[in-house]
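This is what each chain is made of:
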Amino acid sequence: MITYQIVFEGPIVSSATFDKADFTPKVLICVNQSGIIDRVISVEDSDYQSVKQLAKQQKILHILPPGNYLLPGFTDLHIHAPQWPQAGLALDRPLQEWLNTYTFPLEAKFKDLAYAEKVYQNLISELLANGTTTGLFFGSVDTDANLILAKICARLGQRAFIGKVAMDNPEQTPDFYRDNSSQEALNETKRFIEKVLQLQKQTKAEITPVITPRFVPSCTDDTLSGLGKLATEYNLPIQTHCSESIWEDQYAINRFHKRDAEVLDQFGLLTDKTVLAHGTQLSDSDLQLLHNKQTALAHCPISNVYFGNNVMRVKVAHQQKVKVGLGTDISGGFSPSLYRNMQQAIMSSQTLQDETKQNSRLTAANVFYLATVGGALALHLKTGQIKAGFKADLQIVQDQYYELSSNEPQQIFERLIYHTNKENIKQVYVSGKLVHDNLGEENGK
């Protein structure tokens, strides 16, 4: 007999396809000791009552109260961890001014490891409270600060993919905040990789180092080339920005006489483990290249309103079989909530449809897919759905208007997408482990 870690009983919402979310009014979700969903038992199954009764006897049965629903945890594909203290600040400034006047000076402060500890403890707690169970993080230039981020993610239980930012081009980066040479950028990246792999072994935490050139303008050719080789040597994920704005798009053409994505490919940085943020300026040929390389996109709808000069063509990318997930882009995006970003993705898609007269509009089902399945596929994770064999990354969410509105499944689902805030997220689990407990807080525990 399998001994379960926890058994949930209640309604679930899980993405079936890009266009469809499944709603099941009552199931048992059995999570094994490894944090994997072993079974999802329907009320029609013959052993439903016996499994429930045994779980009750073992004191591992968690029955959701009326108006609460079990959803997969979210994957955030683009977070600038050291930018958290300035989320929502100076977003009325042009990108270059925002970076040089505010962002780079802030990131440089993370040489102070006590400051890094304080900020990252707050950030990871906040992300978990918002239902984000997996995060893909840009760290800062400073390796030791990034290792603090990794340790906090391990301690608090968030699955984390973390990169030491490489930026050494003196023409595009300030003298007070950059790698002093290409060799330093590569050496420090390698040191970070080794330390995180060591931490991974020591703690058994789900933390992974990521190759992270900030973006093409901030790196010299030697650094871009060296990072591509490190990604191959260690078989690691890669993250960077790509065609985020008109300026960045044109910069690659001016310097290399190639498109931004083509430049990354030239240096071995486009792989099936690469996640490119923004992509608001991507052409059809760019999308074809990303499809060929099986490279993923992180759609950052809030940030793109401020700095992207366009709306990413999510539907076109999906139709071209390019993997797409969602990113908050803290702090170009002011909110740590992927619910808020799902809402903005829908709104921005309507703007794109109005402008292009093409079928660009996204539905609630589409953006829910991006936040769950899309992000998981980008990072090669078996999560994002509530089904047997998948990691038990779960959030228990309360429908705050349950007593007032129709309880037809589609309406419940859309209310959850549009109205859920941090206070409505009652508990969050990563691989079956409770990592955020709003119920405990409410009960004064």
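None of these values were measured; they are calculated from a predicted model.

Caption draft 1: The arrangement of the overall build of the protein chain in detail. Of the regular secondary structure elements, the protein chain holds 15 helices and 16 strands. For 445 residues, the compact-globule estimate of 2.2 N^0.38 gives 22 Å, and the C-alpha radius of gyration of the protein chain, at 22 Å, lies within 12% of that figure. Taken along its principal axes, the extent of the C-alpha atoms in the protein chain is 65 × 55 × 40 Å. Classification of the 445 residues of the protein chain by burial places 60% in the buried group. Taking as baseline every contact in the protein chain between residues at least 6 positions apart, the subset at least 24 positions apart corresponds to 73%. Of the roughly 17400 Å² of accessible surface on the protein chain, 49% is carried by carbon and sulfur atoms. For the protein chain, the distance from the average position of its 42 positive side-chain charges to the average position of its 48 negative side-chain charges is 5 Å.

Caption draft 2: Helix H5 (residues 182-203), seen in detail. Given a rise of 1.5 Å per residue, 22 residues ought to cover 32 Å, and the 31 Å separating the end C-alpha atoms of H5 matches this to within 8%. All of the buried residues along H5 are Ser 182, Ala 185, Leu 186, Thr 189, Phe 192, Ile 193, Val 196 and Leu 199. End-on view of H5: buried residues confined to an arc of 155 degrees, all on one side of the axis. The exposed set on the far side of H5, more than 90 degrees from its buried face, consists of Lys 201 and Gln 202. Among the residues trailing H5, Lys 204 stands out with phi positive, at a value near 60 degrees.

Caption draft 3: Structural view of the packing of aromatic side chains. Counted by the stated rule, this structure contains 13 aromatic pairs. Between Phe 23 and Tyr 69, the ring centres sit 5.9 Å apart and the planes meet at 50 degrees, which makes this aromatic pair tilted. In this pair, Phe 23 is assigned in strand E2 (residues 20-32) and Tyr 69 in strand E5 (residues 68-72), connecting sequence segments 46 residues apart. Overall, Phe 23 belongs to the partly exposed group, its relative accessible area being 23%. On the basis of an interplanar angle of 55 degrees and a centroid distance of 6.5 Å, the ring pair of Tyr 306 and Phe 307 is categorised as tilted.

Caption draft 4: Structural detail: the pairing of strand E10 (residues 238-242). The element E10 is extensively covered by neighbouring structure, given that 5 of its 5 residues are classed as buried. Residues of E10 alternate between two faces, with Ile 238, Thr 240 and Cys 242 on one and Gln 239 and His 241 on the opposite face, all of them buried. Note: E10 against strand E11 (residues 274-278), 5 bridges, orientation parallel. Within E11, the residue paired with Gln 239 across the bridge is Val 275.

Caption draft 5: Representation of the environment of Gly 226 in the model. Following the sequence through the fold, Gly 226 ends up in helix H6 (residues 221-234). Counting along the chain gives 65 residues from Gly 226 to Phe 161, while the straight-line C-alpha distance between them is 20 Å.

Caption draft 6: A look at the environment of Ala 145. Relative to the elements of secondary structure, Ala 145 occurs in helix H4 (residues 143-156). For Ala 145, a relative accessible area of 0% gives the class buried. Contact partners of Ala 145, with chain neighbours within four places excluded, come to Phe 110, Leu 113, Ala 116, Tyr 120 and Ser 140.

Caption draft 7: Up close: the side chain of Ser 182. By the element assignment, Ser 182 lies in helix H5. Classification of Ser 182 as buried rests on a relative accessible area of 15%. Once residues lying within four places of it in the same chain are set aside, the contact partners of Ser 182 are Asp 168, Thr 220, Asp 222 and Thr 223.

Caption draft 8: Structural detail: the packing of helix H13 (residues 364-378) against helix H14 (residues 409-419). Direction vectors running N to C along H13 and H14 enclose 60 degrees, while the axes themselves pass 10 Å from each other. In terms of orientation, H13 and H14 fall into the oblique class. Crossing of H13 over H14 shows left-handed handedness. For the pair H13 and H14, contact is made by Ala 364, Ala 365, Val 367 and Phe 368 and by Phe 413, Glu 414 and Ile 417, respectively. Of the residues contributing to the contact of H13 with H14, the split by class is 6 nonpolar, no polar and 1 charged.

Rules used in this analysis
- Residues numbered from 1 in each chain as written.
- Predicted model: local features only at pLDDT ≥ 70, side-chain atom pairs only at ≥ 80, totals over all residues.
- Heavy atoms only, no water.
- Helix = DSSP H or I, 4+ residues; strand = E, 2+ residues; numbered from the N terminus.
- Rg over C-alpha atoms; globule rule 2.2 N^0.38 Å.
- Buried < 20%, exposed > 50% of the residue type's maximum accessible area, 1.4 Å probe, protein only.
- Contact = heavy atoms within 4.5 Å.
- Areas by Shrake-Rupley, 256 points an atom, 1.4 Å probe, with all protein chains shown as cover.
- Lys, Arg positive; Asp, Glu negative; His and termini not counted.
- Charge placed at Lys NZ, Arg CZ, Asp CG, Glu CD.
- Expected span 1.5 Å × (residues − 1).
- Arc of directions from axis to C-beta.
- Phe/Tyr/Trp six-rings, centres within 6.5 Å; stacked < 30°, edge-to-face > 60°.
- Pairing = 2+ DSSP bridges.
- Axes fitted to C-alpha atoms, helices over the stretch in contact; angles between N-to-C directions.
- Parallel < 35°, antiparallel > 145°, perpendicular 65-115°, else oblique.
- Left-handed = near helix turned anticlockwise from the far one by under 90°.
- Nonpolar A, V, L, I, M, F, W, Y, C, P; charged D, E, K, R; others polar.

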